[in-house]
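# Reading the structure
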Amino acid sequence: MRKRVTILGSTGSIGRNALDVVRRHADQFEVVGLAAFSNVKLLAEQIQEFRPRLAAIGDERQARALQVHGSDTRIVSGPSGIEEIAAMSADVALCAIVGAAGLQPILRIIESGGRLALANKEPMVMAGALITERAKTSGAEIIPVDSEHSAIWQCLHGNDRRNVYRIYLTASGGPFYGKSREQLESVTPEQAARHPTWDMGKKISVDSATLMNKGLEVIEAMWLFDLPPDRIQVIIHPQSVVHGLVEFTDGSILAHLGPTDMRFPIEYALSWPERASSALGRLDLTVLKQLTFAPPDFGNFPCLQFALEAARRGGTAPTILNAANEVAVSAFCHHQIPFLAISEVVRFALDTCPVSDQVTLANVLESDRLAREVAQRKIKELGV
Ligand code: NAD
Ligand code: MG
């Protein structure tokens, strides 16, 4: 029996990598549902190749353009169409949507009590308490896809969680690490997109450049592994070979190493509890000249500090952080604000928006809405 897989965000960087994993293991996986926002051409090609039962295009204006000849795939559209994919019966649902847009689909997947392979970290940041609580109630499993979290999860297998002293999330540092503040003033979105070790979507590339990505990952890890923020350490590791480490109470540290290729954690999340029988590639340890580790530079990359602060504050503080960041990153990508203004927008939202201690869906949505509004106000003020 092949595993039935749904992929939400199939036209993105993670989505395309996931489909490549499926393509290589066609005897093990069957795609039953695909969802994407607006890339009609690519989605049509994916439908043609993988023949899912159902496919959704988020942008309703594009629905008519999505004609796939000779296919039995039923096409749905809009946010409700995306949710229909989320609600499908499947063995594993991969959520690779970018940003807060993944929240409702994730809640739908969780509600079904199935298995969620989670790449889309922003909903976990904005509503981790809610998602994990609902997963507990429904019995849904959340399998990490983010490479650091997959690494840590693998290091935790077979170990008593009570013996975990702390975990380490490694960070390459992104394309701008080591640059001075003066140099950072003039960096462009195009430069931010050129990540030194990973090839990713636009938003996460900018988040990696500000180190906000690592901050979001700390919050994601808190919920995935049920750890307080002070037990999660960020460490700069420019080679991106060691993806995550777990330090136990006795001082032993287990590390996970692997090629710098997102198909590895995706494949593991889809295959779990099995492992694939043939590798996508292998790490040659003899060619690794050095593996280095250093503490992060909080001065030039304040977003990481802000994320840690929001993590410690709890409630909807991470929701505010995430929403302001999404708006600021989009403004930077549209050349409306300079790079260094991203952290100013986030700071302003954290200082301005009230935090709710109850992480209910209504409070999350309200904090998200208000933070976006406040962030837009700040962007107008800072804009070029
Ligand atoms: P991307 O921008 O390349 O792709 C995003 C996908 O989401 C696209 O298919 C797009 O159509 C879809 N989408 C966007 N808005 C949508 C909406 N409103 N409704 C439905 N679908 C929508 O992004 P990505 O780099 O693949 O990242 C996806 C998620 O995975 C992000 O949360 C990111 O942080 C996380 N992640 C990515 C990587 C990576 O290597 N790219 C690694 C770890 C985690
Ligand atoms: Mg990561």
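The structure reproduced in this document is the subject of the present report. Bear in mind the structure is a predicted one, so any value in this text is a computation, not a measurement.

## Some points on the coordination of the magnesium ion (ligand 2)
At 2.1 to 2.2 Å from the magnesium ion (ligand 2) lie its protein donor atoms, namely Asp146 (OD), Glu148 (OE) and Glu217 (OE). When the donor residues of the magnesium ion (ligand 2) are listed from N- to C-terminus, their spacing reads D-x1-E-x68-E. For the pair shown, aspartate 146 and glutamate 148 are each scored as buried.

## Here's the deal with the pattern of salt bridges
For the coordinates displayed, the defined rule picks out 29 salt bridges. The residue aspartate 261 makes a salt bridge to arginine 263 at a minimum N-O spacing of 2.7 Å. Each of the two residues, aspartate 261 as well as arginine 263, counts as buried. One continuous salt-bridge network, built from bridges that share partners, spans Asp20, Arg23, Arg24, Glu49, Asp261 and Arg263.

## Description of a nonpolar patch on the surface
Taken together, the side chains of Leu257, Leu285, Leu291 and Phe293 make up a nonpolar region of the molecular surface, amounting to roughly 350 Å² of accessible area. Tracing the backbone through its elements, the reader meets leucine 285 in the loop between helix H11 (263-271) and helix H12 (302-313).

## Side note on the side chain of glutamate 220
Note on placement: glutamate 220 falls in helix H10 (residues 212-225). Lacking a salt bridge, the buried glutamate 220 has lysine 121 as its closest oppositely charged neighbour, with an N-O distance of 4.8 Å. Ignoring sequence-local partners within four residues, the contact set of glutamate 220 consists of Leu118, Lys121, Met124, Asp146 and His149.

## Topic: helix H14 (residues 341-352)
The terminal C-alpha atoms of H14, which comprises twelve residues, lie 16 Å apart, in line with the 16 Å expected from a rise of 1.5 Å per residue. Along H14, the residues that are buried comprise Ala341, Ile342, Ser343, Val345, Val346, Ala349 and Leu350. Residues of H14 that are buried make contact with helix H9 (202-210), H10, H12, helix H13 (317-333) and helix H15 (361-382).

## Notes on the sheet that holds strand E6 (residues 115-118)
Strand order in the open sheet formed by seven strands is E4-E3-E2-E1-E5-E6-E7, with parallel pairing between adjacent strands. Whereas interior strands pair on both sides, the edge strands pair on one side only; in this sheet they are strand E4 (74-77) and strand E7 (141-144). Strand-to-strand twist of the sheet, defined as the mean angle between neighbouring strand axes without regard to direction, takes the value 25°. As paired elements, E6 and E7 share four bridges and run parallel to each other. Of the residues in E7, the one forming a bridge with leucine 118 is proline 144.

## Digging into the pairing of strand E5 (residues 92-95)
Side chains Val92 and Leu94 project from E5 onto one buried face, and the interleaved Ala93 and Cys95 project onto a second face that is buried too. For strand E1 (residues 3-8) and E5, the ladder comprises four bridges, and the chain directions are parallel. Along E5, the bridge assignment pairs isoleucine 7 with leucine 94. By the bridge criterion, three bridges tie E5 to E6 in an arrangement that is parallel. Its bridge partner lying in E6, alanine 93 is registered against leucine 116. Viewed along the sheet, the connection from E5 through helix H4 (residues 103-111) into E6 turns out right-handed.

## A word on the site of ligand 1
Within the structure, ligand 1 sits among 22 residues, and Thr11, Ser13, Ile14, Phe37 and Glu122 are positioned closest to it. The separation between an oxygen atom of ligand 1 and a polar main-chain atom of serine 13 is 2.9 Å. Between ligand 1 and the protein, one listed contact pairs an oxygen atom with a backbone N or O atom of phenylalanine 37 at 2.7 Å. Here ligand 1, which alone exposes 820 Å², has 86% of that area covered by the protein. Class assignment for the residues of the shell around ligand 1 results in twelve nonpolar, seven polar and three charged.

## Looking at the sheet that holds strand E8 (residues 164-171)
Taken in spatial order, the four strands line up as E9-E8-E10-E11 in an open sheet, and their pairing is mixed. Single-partner strands in this sheet number two, and they are strand E9 (232-236) and strand E11 (253-257). Between one strand axis and the next, the sheet turns by 20° as a mean value, whatever way the strands run. As paired elements, E8 and E9 share five bridges and run parallel to each other. Within E9, the residue paired with leucine 169 across the bridge is valine 234. Here helix H6 (residues 147-156) sits on the sheet in contact with E8, strand E10 (242-248) and E11, set at roughly 40° to E10.

## Examining the packing of helix H5 (residues 122-138) against H15
When two helices pack together, their arrangement is captured by the angle between the axes and the distance separating the axes. Close contact between H5 and H15 brings their axes to 9 Å; oriented N to C, the two are set at 160°. Classified by the angle between their axes, H5 and H15 sit roughly antiparallel to one another. As for how H5 packs across H15, the hand of that crossing is left-handed. Packed against H5, whose contacting residues are Met126, Ala127, Leu130 and Arg134, the element H15 presents Leu361, Val364 and Asp368 at the interface. For the contact of H5 with H15, the residue count by class is five nonpolar, no polar and two charged.

What counts as what
Residues numbered from 1 in each chain as written. Chains lettered and ligands numbered in written order. Predicted model: local features only at pLDDT ≥ 70, side-chain atom pairs only at ≥ 80, totals over all residues. Heavy atoms only, no water. Donors = N, O, S within 2.8 Å, 3.2 Å for Na, K, Ca; no water. Buried < 20%, exposed > 50% of the residue type's maximum accessible area, 1.4 Å probe, protein only. Salt bridge = Lys/Arg side-chain N within 4 Å of Asp/Glu carboxyl O. Patch = residues over 30% accessible without salt bridge, like charges linked within 9 Å, V, L, I, M, F, W, Y side chains within 5 Å. Areas by Shrake-Rupley, 256 points an atom, 1.4 Å probe, with all protein chains shown as cover. Helix = DSSP H or I, 4+ residues; strand = E, 2+ residues; numbered from the N terminus. Lys, Arg positive; Asp, Glu negative; His and termini not counted. Contact = heavy atoms within 4.5 Å. Expected span 1.5 Å × (residues − 1). Pairing = 2+ DSSP bridges. Axes fitted to C-alpha atoms, helices over the stretch in contact; angles between N-to-C directions. Right-handed = clockwise from strand over helix to strand, strands pointing away. Near = heavy atom within 4 Å. Polar contact = N/O pair within 3.5 Å; in protein donor to acceptor, adjacent residues only side chain to side chain. Nonpolar A, V, L, I, M, F, W, Y, C, P; charged D, E, K, R; others polar. Parallel < 35°, antiparallel > 145°, perpendicular 65-115°, else oblique. Left-handed = near helix turned anticlockwise from the far one by under 90°.

Function cannot be read off these values alone, since they describe shape.
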